[in-house]
Amino acid sequence: APSAPGVRLLADGARLPLPDDSIDTAVLLNAFLFPAELGRVLRPTGVVVWANSRGAGTPIYLPPERVVEAMGEDWTGMASEAGGGTWVVARREKAG
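Figured I'd write up the structure that's included with this text. (Residues numbered from 1 in each chain as written. Predicted model: local features only at pLDDT ≥ 70, side-chain atom pairs only at ≥ 80, totals over all residues. Heavy atoms only, no water.)

## Focus on the overall build of the protein chain
Line of reasoning, step 1. Secondary structure summary: the protein chain contains two helices and four strands in total.
Line of reasoning, step 2. What you see for the protein chain is a C-alpha radius of gyration of 13 Å, in line with the 12 Å of a compact globule of 96 residues.
Line of reasoning, step 3. For the protein chain, the spread of C-alpha atoms along the three principal axes comes to 35 × 35 × 30 Å.
Line of reasoning, step 4. Split into buried and exposed, the 96 residues of the protein chain put 29% on the buried side.
Line of reasoning, step 5. Summing over all exposed atoms, the protein chain offers an accessible surface of approximately 6300 Å²; the carbon and sulfur share of this is 56%.
Line of reasoning, step 6. Taking the average location of the 9 positive side-chain charges in the protein chain and that of its 11 negative ones, the two points are 5 Å from each other. (Helix = DSSP H or I, 4+ residues; strand = E, 2+ residues; numbered from the N terminus. Rg over C-alpha atoms; globule rule 2.2 N^0.38 Å. Buried < 20%, exposed > 50% of the residue type's maximum accessible area, 1.4 Å probe, protein only. Areas by Shrake-Rupley, 256 points an atom, 1.4 Å probe, with all protein chains shown as cover. Lys, Arg positive; Asp, Glu negative; His and termini not counted. Charge placed at Lys NZ, Arg CZ, Asp CG, Glu CD.)

## What to know about the nonpolar core
Line of reasoning, step 1. Within the largest apolar cluster, 17 residues are counted, with the highest numbers of intra-cluster contacts made by Leu-28, Leu-38, Leu-42, Val-48 and Trp-75.
Line of reasoning, step 2. Look past the residues within four positions of Leu-42 in its chain and what remains in contact with it is Asp-21, Ile-23, Asp-24, Thr-25, Ala-26, Val-47, Val-48, Trp-75 and Arg-92. (Core = buried A, V, L, I, M, F, W, Y, C linked by side-chain atoms within 4.5 Å. Contact = heavy atoms within 4.5 Å.)

## Points about unusual backbone geometry
Line of reasoning, step 1. Even without being a glycine, Asp-21 presents a positive backbone phi close to 50°.
Line of reasoning, step 2. Looking at where Asp-21 falls in the secondary structure, it is placed in the segment before β1 (23-29).
Line of reasoning, step 3. Classification of Asp-21 as partly exposed rests on a relative accessible area of 44%.
Line of reasoning, step 4. Not every positive phi belongs to a glycine, and Asn-30 is a case in point at roughly 50°.
Line of reasoning, step 5. Tracing the chain through its elements places Asn-30 in the loop between β1 and α1 (35-41).
Line of reasoning, step 6. Here Asn-30 falls in the partly exposed class, since its relative accessible area comes to 26%.

## Regarding the pattern of salt bridges
Line of reasoning, step 1. Within the structure shown, the criterion is met by four salt bridges.
Line of reasoning, step 2. Between Asp-20 and Arg-40 there is a salt bridge, with the nearest N and O atoms lying 2.7 Å from each other. Of the two residues, Asp-20 is situated in the segment before β1 and Arg-40 in helix α1; the sequence distance between them amounts to 20 residues.
Line of reasoning, step 3. In this structure, Glu-69 engages Arg-66 in a salt bridge whose closest nitrogen and oxygen atoms are separated by 3.7 Å. Here Arg-66 and Glu-69 lie together in helix α2 (residues 64-71), a separation of three residues that amounts to about one turn.
Line of reasoning, step 4. Take Glu-69: its relative accessible area is 54%, and that puts it in the exposed class.
Line of reasoning, step 5. Taken together, the salt bridges that share partners define one network made up of Asp-20, Glu-37 and Arg-40. (Salt bridge = Lys/Arg side-chain N within 4 Å of Asp/Glu carboxyl O.)

## What about the sheet that holds β1?
Line of reasoning, step 1. The strand order across the open sheet formed by four strands is β1-β2-β4-β3, and the pairing between neighbours is mixed. Two strands close off the open sheet at either side, each with one partner strand: β1 and β3 (75-82). Between one strand and the next, the sheet's axes are offset by a mean angle of 15°, whatever the strand orientation.
Line of reasoning, step 2. Pairing of strand β2 (residues 42-52) with strand β4 (residues 85-92) involves six bridges; the strand directions are antiparallel. From the neighbouring strand, Ala-51 faces β4, where its bridge partner is Trp-87.
Line of reasoning, step 3. In the packing of α2 onto the sheet, the strands contacted are β2, β3 and β4, and the crossing angle to β4 comes to about 25°. (Pairing = 2+ DSSP bridges. Axes fitted to C-alpha atoms, helices over the stretch in contact; angles between N-to-C directions.)

So yeah, pure geometry; function would need other evidence.
Here is the structure:
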């Protein structure tokens, strides 16, 4: 594991200040989903980790299956629940 945390970014999710195909993982907690922008900045093998801390009780809630659908037809995901929260890890089925 790295000795220090990875780079964290606070930005407008609709216009991330990142180049195309520049990140391996996007982790979003209780956030709005901008699938086209995530698709732009993620590498072809990139992963989206989406979590809602209180499941359907989260003010900004999107069910895990809807996250995967929103990312596009070539995406798949694995979802589960932990405590009261929900999460999904999604990736492209056909990288590149």
